[in-house]
Amino acid sequence: MLEKLTNTIVKILTYLCIIAISVLAAIVFVQVFSRFFKISLPATEELARLLIVWLTFLGASLAIHEKMHLGVRYFVSLASEKYQKIIDTFIYILTVALLAVLAFYGFKLSLSAMSTASATLKVPMGIFYLAIPLSALFSIYFVVVHILNPKPEEQGEVNL
């Protein structure tokens with residue numbers, strides 16, 4: 001059940017990232033191409049910035065799932081296997097605490113910015129900022145899954 005939910009979330013995030021990077025590439029191409037004809041499209045720059053923000057934060061959540069964030073395990077590997085598990089759990093708990101703070105204040109920031117519109121697209125700025133707390137929630141979920149279902153064979157030099 002947990003694995004099926006995780007796979008569904010990963011697929012959704014992956015597709016969102018694929019869509020974001022594809023649209024971003026098209027928008028930047030249109031923006032560069034339009035400059036040859038001395039046409040300015042300011043909305044494309046703002047939309048590209050919005051997509052980069054969302055792509056960055058959603059990609060960071062996927063990287064947590066895949067354990068692709070850089071981690072230095074040299075000193076942890078010097079400890080016994082029992083202490084390595086304790087250290088890893090402690091790091092996961094600290095990570096969840098940090099992400100919870102990020103989610104809490106990210107939602108506060110997003111809600112407060114909903115009344116402010118962006119310059120050219122006229123969309124609420126809270127939509128830009130909403131990437132932060134949503135990504136934090138997805139990341140918390142993935143970290144909790146790692147705590148509940150540890151896979152020691154995946155422990156390596158590139159870890160959370």
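Rules and cut-offs
- Residues numbered from 1 in each chain as written.
- Predicted model: local features only at pLDDT ≥ 70, side-chain atom pairs only at ≥ 80, totals over all residues.
- Heavy atoms only, no water.
- Helix = DSSP H or I, 4+ residues; strand = E, 2+ residues; numbered from the N terminus.
- Rg over C-alpha atoms; globule rule 2.2 N^0.38 Å.
- Buried < 20%, exposed > 50% of the residue type's maximum accessible area, 1.4 Å probe, protein only.
- Contact = heavy atoms within 4.5 Å.
- Areas by Shrake-Rupley, 256 points an atom, 1.4 Å probe, with all protein chains shown as cover.
- Salt bridge = Lys/Arg side-chain N within 4 Å of Asp/Glu carboxyl O.
- Expected span 1.5 Å × (residues − 1).
- Core = buried A, V, L, I, M, F, W, Y, C linked by side-chain atoms within 4.5 Å.
- Patch = residues over 30% accessible without salt bridge, like charges linked within 9 Å, V, L, I, M, F, W, Y side chains within 5 Å.

K.L.:
Help me out: how do you make sense of the overall build of the protein in this one?
P.N.:
Of regular secondary structure, the protein possesses six helices and zero strands. In summary, the protein has a C-alpha radius of gyration of 19 Å against a globular reference of 15 Å for 160 residues, an excess of more than 25%. If one aligns the C-alpha atoms of the protein with their principal axes, the spans along those axes are about 65 × 35 × 35 Å. Taken across its 160 residues, the protein has 31% of its residues classed as buried. Across the protein, contacts joining residues at least 24 apart in sequence account for 74% of those joining residues at least 6 apart. Within the structure as shown, the protein displays about 10,400 Å² of accessible surface, and the carbon and sulfur contribution to it stands at 74%.

K.L.:
What exactly am I supposed to notice about the pattern of salt bridges here?
P.N.:
Two side chains carrying opposite charge are able to pair once their charged atoms lie near each other. This model, assessed by the stated rule, comprises two salt bridges. The salt bridge involving Asp 88 is made with Arg 73; its shortest N-O contact spans 2.7 Å. Of this pair, Asp 88 sits in helix α4 (residues 81-113) while Arg 73 is found in the loop between α2 (42-65) and α3 (74-78), placing the two residues 15 residues apart along the sequence. The exposure class of Asp 88 is buried, given its relative accessible area of 11%.

K.L.:
How should unusual backbone geometry be read in this particular structure?
P.N.:
For residues other than glycine, phi is negative in most cases, and the peptide bonds are mostly trans. Positive phi, close to 60°, is recorded for Lys 38, a residue that is not glycine. Within the secondary structure, Lys 38 is located in the loop between α1 (2-36) and α2. Looking at Lys 38, the relative accessible area reads 77%, which means it is exposed.

K.L.:
Explanation requested: the environment of Leu 41 in the structure shown.
P.N.:
Take Leu 41: it is sitting in the loop between α1 and α2. Residue classification places Leu 41 among the partly exposed residues on the basis of a relative accessible area of 33%. Residues Leu 41 and Val 123, 82 residues apart in the sequence, show an inter-C-alpha distance of 16 Å.

K.L.:
Help me out: how do you make sense of helix α6 (residues 131-148) in this one?
P.N.:
Residues lying three or four places apart along an α-helix face the same way, a consequence of the helix completing one turn every 3.6 residues. Its 18 residues give α6 an end-to-end C-alpha distance of 26 Å, which sits within 8% of 26 Å, the value for a rise of 1.5 Å per residue. Turning to α6, its buried residues number three or more, namely Ala 131, Ile 132, Pro 133, Ser 135, Ala 136, Ser 139, Ile 140, Tyr 141, Phe 142, Val 143, Val 145 and His 146. Buried residues belonging to α6 abut α1, α2, α4 and α5 (125-129).

K.L.:
Teacher, can you tell me more about the nonpolar core here?
P.N.:
In summary, soluble globular proteins display a tendency toward joint burial of nonpolar side chains. Core analysis: the biggest nonpolar cluster contains 20 residues, and Leu 13 and Phe 142 have the highest contact counts within it. Mapped onto this core, the elements with two or more residues apiece are α1, α2, α4 and α6. For Phe 142, the residues in contact, after removing those within four places along its chain, are Thr 6, Ile 9, Val 10, Leu 13, Ser 61, Ile 64 and His 65. Residues Ala 20, Ile 27, Ala 48 and Leu 51 belong to the second largest nonpolar core, which totals five residues.

K.L.:
Before we go on, may I ask you to explain the environment of Ile 132 in this structure?
P.N.:
The topology assignment puts Ile 132 in helix α6. Spatially, the C-alpha atoms of Ile 132 and Leu 58 are 8.7 Å apart, while their sequence positions differ by 74 residues.

K.L.:
Teacher, can you tell me more about a nonpolar patch on the surface here?
P.N.:
Together, Val 28, Phe 29, Val 30, Val 32, Phe 33, Phe 36, Phe 37, Ile 39 and Leu 41 give the surface a local cluster of nonpolar side chains, amounting to about 890 Å² of exposed area. Relative to the helices and strands, Val 28 is located in helix α1.

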